[in-house]
Amino acid sequence: MLFNRVRFWGILLLLFVYLVGILVLSVISLHDNKHGRYRNGVEVTHQHLSKSKNFDFGIPGFRSPSRRSKINWCADLRYIDPPGETIALASFPGSGNTWLRYLLQQATGLFTGSVYKDYGLLKNGFPAESVLNGSVLVVKTHEWGPKSRNKFSKAILLVRAPAASIQAEFNRQSGGHIGFASPDRYKRMRGRYWQQFVTDKLNGWQQMNLDWLYNFTGPTHVIFYEQLVDNVEHTLRTVMAFVGVRVDEGLVQCAMERKEGIYRRKKRAVNFDPYTEKMKERIKEVQEKVYGAIYNLAAPATS
Ligand SMILES: *[C@@H]1O[C@H](CO)[C@@H](O)[C@H](O)[C@H]1NC(C)=O
Ligand SMILES: *[C@@H]1O[C@H](CO)[C@@H](O)[C@H](O)[C@H]1NC(C)=O
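Keep in mind it's a predicted model, so treat the numbers as computed, not measured.

(A) Here's a closer look at the state of the cysteines. Summed over the entire model, instances satisfying the criterion amount to one disulfide. Disulfide partner of Cys74: Cys254, at an S-S distance of 2.0 Å. Note on the Cys74 and Cys254 pair: the S-S dihedral is about -90°, so by sign convention the disulfide is left-handed. Of this pair, Cys74 sits in the loop between α2 (50-57) and β3 (87-91) while Cys254 sits in helix α10 (residues 249-262), placing them 180 residues apart in sequence.

(B) Highlighting the site of ligand 2. Near ligand 2 you find Leu210, Asp211, Tyr214 and Asn215, and these make up its full shell. Isolated, ligand 2 exposes 350 Å² of accessible area, and the fraction of that covered by the protein chains is 42%. Across the shell around ligand 2, the residue classes tally to two nonpolar, one polar and one charged.

(C) Structural detail: a nonpolar patch on the surface. On the surface, Phe8, Trp9 and Leu12 cluster together into a nonpolar patch covering about 340 Å² of accessible area. Tracing the backbone shows Leu12 in helix α1 (residues 2-30).

(D) Quick peek at the nonpolar core. In terms of nonpolar packing, the biggest core is built from 68 residues, with Ile156, Trp194 and Trp212 touching the most fellow members. With nine residues, the top contributor of residues to this core is helix α7 (residues 192-215). In this structure Ile156 touches Ile87, Ala88, Leu89, Ala90, Val138, His221, Ile223, Val239, Phe242 and Val243, once residues within four positions along its chain are discounted.

(E) Molecular detail of the site of ligand 1. With respect to spatial proximity, the complete set of residues near ligand 1 consists of Pro83, Val131, Asn133 and Ser135. Within the side chain of Asn133, a nitrogen or oxygen atom sits 2.3 Å from an oxygen atom of ligand 1. Coverage of ligand 1 by the protein amounts to 36% of the 360 Å² it exposes when considered alone. Partitioning the shell around ligand 1 into residue classes produces two nonpolar, two polar and no charged.

(F) Inspection of the packing of aromatic side chains at higher detail. Across all of its chains, the model carries 16 aromatic pairs by this definition. Pairing Trp194 with Phe197 gives two aromatic rings, centres 6.1 Å apart and planes at 20°, and the pair type is stacked. Of this pair, Trp194 and Phe197 both sit in helix α7, three residues apart, which is roughly one turn of the helix. In terms of burial, Trp194 and Phe197 fall into one category: buried. Judged by centre distance (5.2 Å) and plane angle (50°), the rings of Trp212 and Phe216 are tilted.

(G) The arrangement of the pattern of salt bridges in detail. Considering all chains together, one arrives at nine salt bridges under this definition. Here Lys154 ties to Glu85 by a salt bridge, and the two come within 3.8 Å at their closest N and O atoms. Taken together, the residues Lys154 in strand β6 (residues 154-159) and Glu85 in the loop between α2 and β3 connect sequence positions 69 residues apart. When its relative accessible area of 42% is taken as the criterion, Glu85 is described as partly exposed. Taking the shortest distance from any N to any O, the salt bridge between Lys280 and Asp273 comes out at 2.7 Å. In this structure Lys280 comes out as partly exposed when scored by relative accessible area, which is 33%. What you see here is one network of salt bridges that share partners, running through Glu233, Arg237 and Glu249.

(H) Quick look at the pairing of β3. Judged by how many residues are buried, β3 sits mostly within the fold: five of five residues are covered. Alternating residues of β3 divide into Ile87, Leu89 and Ser91 and Ala88 and Ala90, and every residue in both groups is buried. Examined bridge by bridge, β3 and β6 share five bridges and lie parallel to one another. Following the sheet pairing, Ala88 is matched in β6 by Ala155.

Cut-off values and rules
Residues numbered from 1 in each chain as written. Chains lettered and ligands numbered in written order. Predicted model: local features only at pLDDT ≥ 70, side-chain atom pairs only at ≥ 80, totals over all residues. Heavy atoms only, no water. Disulfide = S-S within 2.5 Å. Helix = DSSP H or I, 4+ residues; strand = E, 2+ residues; numbered from the N terminus. Near = heavy atom within 4 Å. Areas by Shrake-Rupley, 256 points an atom, 1.4 Å probe, with all protein chains shown as cover. Nonpolar A, V, L, I, M, F, W, Y, C, P; charged D, E, K, R; others polar. Patch = residues over 30% accessible without salt bridge, like charges linked within 9 Å, V, L, I, M, F, W, Y side chains within 5 Å. Salt bridge = Lys/Arg side-chain N within 4 Å of Asp/Glu carboxyl O. Core = buried A, V, L, I, M, F, W, Y, C linked by side-chain atoms within 4.5 Å. Buried < 20%, exposed > 50% of the residue type's maximum accessible area, 1.4 Å probe, protein only. Contact = heavy atoms within 4.5 Å. Polar contact = N/O pair within 3.5 Å; in protein donor to acceptor, adjacent residues only side chain to side chain. Phe/Tyr/Trp six-rings, centres within 6.5 Å; stacked < 30°, edge-to-face > 60°. Pairing = 2+ DSSP bridges.

Given below as structure tokens:
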């Protein structure tokens, strides 16, 4: 009798420990969650692999997500009060969205939000993750379609050349914590996996950019990632002017001093080109189509 009771409580205790263990593990694995969404049969992957993303942007202190952020902000970050317009920072994944958010937070002292809740970012300098209103400067989104667009009155569309953004996205998905895909990842399933990935992402890249360009009715400011890299300060100032935030020269200067720490993307000697001639042809075609649309739409406004 006594023995049975001891065994009963013993088993119950084990079960309890087991359940707590599972709970802890699932909370931890939330950090590494990949969110894949499907739209029109195209998978849009919202990579929230914070570690690899951090690696990508080289944000100091980011690579140890268990510790508190070590980002030295130029000013104590705050929300916009009273709130202003809700402005999208729309981009296809792998286009430098987080880096631009970082630069904006440095240069304005204001939080940027997101339609996602990336726990890695949340704990490391972006506490306004999942804030989607005018109390933040801009709101990150990789989404497209009417339901995603109509939450915003203005939009910044950040565009990066598709070959680079697709590869960045592949690195993030396959490279895990290290942040890069090993060469044999490209050879998976005799290369068919990579091929399908390129086809799907290129499709998404085109749809996302064209939908925002043609279907978003509010004021839209298009910037290129490559232009941001080449001339950070000028591009950042155009974004700030578009957003309508007061420019504090001291903060902008401080942000520029800290942009290097942030944009220390680990350069990797890529000793092979993962794109076949056929892929390159298709990428070029799609890129020209989208860039053509950007120039056609933007030209009358800027001249
Ligand atoms: C903005 O959204 C956040 C998070 O949902 C909320 O706490 C805050 O009150 C909102 N602010 C305004 C002005 O609506
Ligand atoms: C614009 O929106 C319509 C309706 O939602 C959609 O069918 C169309 O594909 C969109 N255009 C682009 C370029 O995405």
